[in-house]
Amino acid sequence: MIRILKYVALDILKTKIVIAYTIMLALLSWSAFSLEDNAAKGLVTVLNIVLLTVPLVSVLFATIYVYNSTEFIELLLSHPVKRSMIWKALFTGLSVSMTVAYIVGIGIPLLIFTDLATALIMIVSGSLLSVIFVAIAFLASILTRDKAKGIGISIMLWLYFALLFDGLVLFLFFQFSDYPIEKPIVILSALSPVDLCRILMLLRLDVSAMMGYTGAIFQHFFGNNWGLLLSFSLLTLWVVVPFYFSLRKFNKRDL
Amino acid sequence: MIEIKHITKRFGKLTALDNLDLKLEKGQCIALIGPNGCGKTTLIKSILGMVLPEKGDIIFNGQNIKNNNEYRKHIGYMPQIGRYPENMTIGQVIDMIKGIRNSNEALDNDLYEQFEIGKMLHKKMRTLSGGTTQKVSAVLTFMFRPQVLILDEPTAGLDPVAAEILKEKIIAAKKAGCLILITSHLLSELEGIVSQVIFIQDGKLMLHKTTMELKRDTGKDTIAQSIVHLLKVQTV
């Protein structure tokens, strides 16, 4: 595993995309913090940037990378290497590089401009978000052999999670506002990792003005610590489940 | 050494391997012959665990290969069309495979030297011609002194000099007691190398004989003539 991971990591570094991504995140977060006069406002700007760009870059880069690794996978498979190890090494390599890019690009300015607890929560949830979308990319790319289709699925999933979902929940809320639907809405929001991250951050920040509607309900429903714990476990589940299914499918695939 | 027990593999409606049963013994050099799309490559990939058959088992040295990967230590595989990570150089690919195999045994660098790979180490895989890619495949196949060699159209795309070098190497491996499984459409090329012939059609085993038997039964002098004879008899 370590040996394969080494080659994957070297290869990812060589593409330089991850480095460009790090620089882009750093530029965005530094400018957000220095342009806004107080740190809380800056943080909200950074949060919105993170919730849009991190999933997009993670899911796209990982999908394309997995498709481009077809030859690499084929080459290794005729040698004494466990099949699942190749998939796990690719996943670990991509997850680690996206997470490191996030921590260097966003984490450092966060630690400088905000208080430690807020910064840590944001670093952990953003890192989880990176890994979640790498896992989703793995699932999307194992579903079809067609590269264009696979990337299409990835973009659709991103659109759905990052933009459509909150709107959908809001729509449902207004449609059924005469009924007690807080509980179903809370359950619904667990179905999108982006919303979960937003809730997690906003529970911490207490800026209800910028909250998605799901966030507002979530805070009402859970106390701070409860919500925190639950959201983190749900986020972890969002990493494990897609990756597990992709791994199962990969193990059964003909190459 | 390798036992293939009633394996069946379907790709959608197409049955690539149909209840195929085979026994491959050590020290043999076996030609795998059959028309295009008859299931040769599928069979090879099944042995390597790249294609997973629906039914049947493959036993390698007494061990079922299902959920096993260690047995591949003993196999050198030369694919029909070698596909390599495009951004890597020849040197990096060879180093990576060395690292992954992590073998303590002395490496076999004969082909490496004879093909003069050392001069091309810095070349990227995507810039290589088909023949040079085949050379890299051949070097990697023989490098770790495997007991079993699986060669899928080994000389396709190689220039005459390189093809001759490779042939010599195959004969040397046969003398050393390796099991060699080789597919080729150039039947004349197999003459003098192979000791057994396996003929597959539509995923079914049509024939598995030693070359002597084959020639005797058909009354022909060469493998090529025998096979052509057989095909003609079949169609009549």
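Right above here is the structure, for reference.
If you're wondering where the values come from, they're calculated on a predicted model, not measured in any experiment. (Residues numbered from 1 in each chain as written. Chains lettered and ligands numbered in written order. Predicted model: local features only at pLDDT ≥ 70, side-chain atom pairs only at ≥ 80, totals over all residues.)

Asks: Would you mind going over the overall build of chain B with me for this structure?
Replies: Each helix and strand in chain B was counted, giving eight helices and ten strands. Looking at the 236 residues of chain B, the share that counts as buried comes to 39%. Taking the intrachain contacts of chain B between residues at least 6 apart in sequence as the baseline, contacts between residues at least 24 apart amount to 71%. (Helix = DSSP H or I, 4+ residues; strand = E, 2+ residues; numbered from the N terminus. Buried ≥ 20, exposed ≤ 12 C-beta atoms within 10 Å, placed from the backbone. Contact = placed C-beta atoms within 7 Å.)

Asks: I keep staring at the overall build of chain A and nothing clicks. Help me out?
Replies: Regarding its fold elements, chain A presents eleven helices and zero strands. Its C-alpha radius of gyration of 19 Å places chain A within 12% of the 18 Å reference for a compact globule of 255 residues. Within chain A, the fraction of its 255 residues that count as buried is 43%. Of the contacts formed within chain A by residues at least 6 apart in sequence, a portion of 77% connects residues at least 24 apart. (Rg over C-alpha atoms; globule rule 2.2 N^0.38 Å.)

Asks: Before we go on, may I ask you to explain helix H2 (residues 90-101) of chain B in this structure?
Replies: What sets the pattern is the α-helix's 3.6 residues per turn: residues three or four places apart point alike. For H2(B), spanning twelve residues, the distance from its first C-alpha to its last is 17 Å, which sits close to the expected 16 Å at 1.5 Å a residue. Those residues of H2(B) not exposed but buried are Ile90(B), Val93(B), Met96(B) and Arg101(B). One side of H2(B) holds all its buried residues, which, seen down the axis, span an arc of 130 degrees. Buried positions along H2(B) lie against helix H1 (2-15) of chain A together with helix H4 (130-143) of chain B. Backbone geometry just downstream of H2(B) places Asn102(B) in the positive-phi region, at approximately 50 degrees. (Expected span 1.5 Å × (residues − 1). Arc of directions from axis to C-beta.)

Asks: Honestly, the interface of chain B and chain A in this entry has me stumped. Any pointers?
Replies: The parts lose accessible area when they come together, and the size of an interface is often stated as this lost area. Tallying the contact residues gives 19 residues for chain B and 19 residues for chain A. Ranked by the residues each element gives to the side of chain B that touches chain A, the list is headed by H2(B), at five residues. Here the side of chain B that touches chain A is composed, by residue class, of ten nonpolar, three polar and six charged. (Nonpolar A, V, L, I, M, F, W, Y, C, P; charged D, E, K, R; others polar.)

Asks: Just to check I follow, could you spell out H1(A) for this structure?
Replies: For H1(A), with 14 residues, the first-to-last C-alpha span of 20 Å sits near the 20 Å given by 1.5 Å per residue. The complete set of buried residues in H1(A) reads Ile4(A), Tyr7(A), Val8(A), Asp11(A) and Ile12(A). End-on, the buried residues of H1(A) take up no more than an arc of 135 degrees, which puts them together on one face. In this structure, H1(A) carries Ile2(A) and Lys14(A) as exposed residues pointing more than 90 degrees from its buried face. Where H1(A) is buried, its residues meet helix H2 (17-35), helix H4 (70-77) and helix H5 (83-113) of chain A together with H2 of chain B.

Asks: Whenever I open this one, the sheet that holds strand E2 (residues 14-24) of chain B confuses me. Can you help?
Replies: Adjacent strands of a sheet pair through backbone hydrogen bonds, lying either parallel or antiparallel. Residues and elements named next belong to chain B. Overall, antiparallel pairing links the four strands, which are arranged E2-E1-E4-E5 in an open sheet. Two strands close off the open sheet at either side, each with one partner strand: E2 and strand E5 (63-64). Summarising the sheet, strand E1 (residues 2-11) and strand E4 (residues 55-60) pair through five bridges and their orientation is antiparallel. Residue pairing in the sheet places Glu 3 in a bridge with Ile 59 of E4. Relative to E2, helix H1 (residues 40-48) is tilted by about 60 degrees, and along the sheet it contacts E1, E2 and E4. (Pairing = 2+ DSSP bridges. Axes fitted to C-alpha atoms, helices over the stretch in contact; angles between N-to-C directions.)

Asks: How should the environment of Leu56(A) be read in this particular structure?
Replies: All names here are of chain A. Relative to the assigned elements, Leu 56 resides in helix H3 (residues 39-68). Its 16 C-beta neighbours within 10 Å are what place Leu 56 among the partly exposed residues. Sequence separation of Leu 56 and Ala 162 is 106 residues, and the distance between their C-alpha atoms is 8.5 Å.

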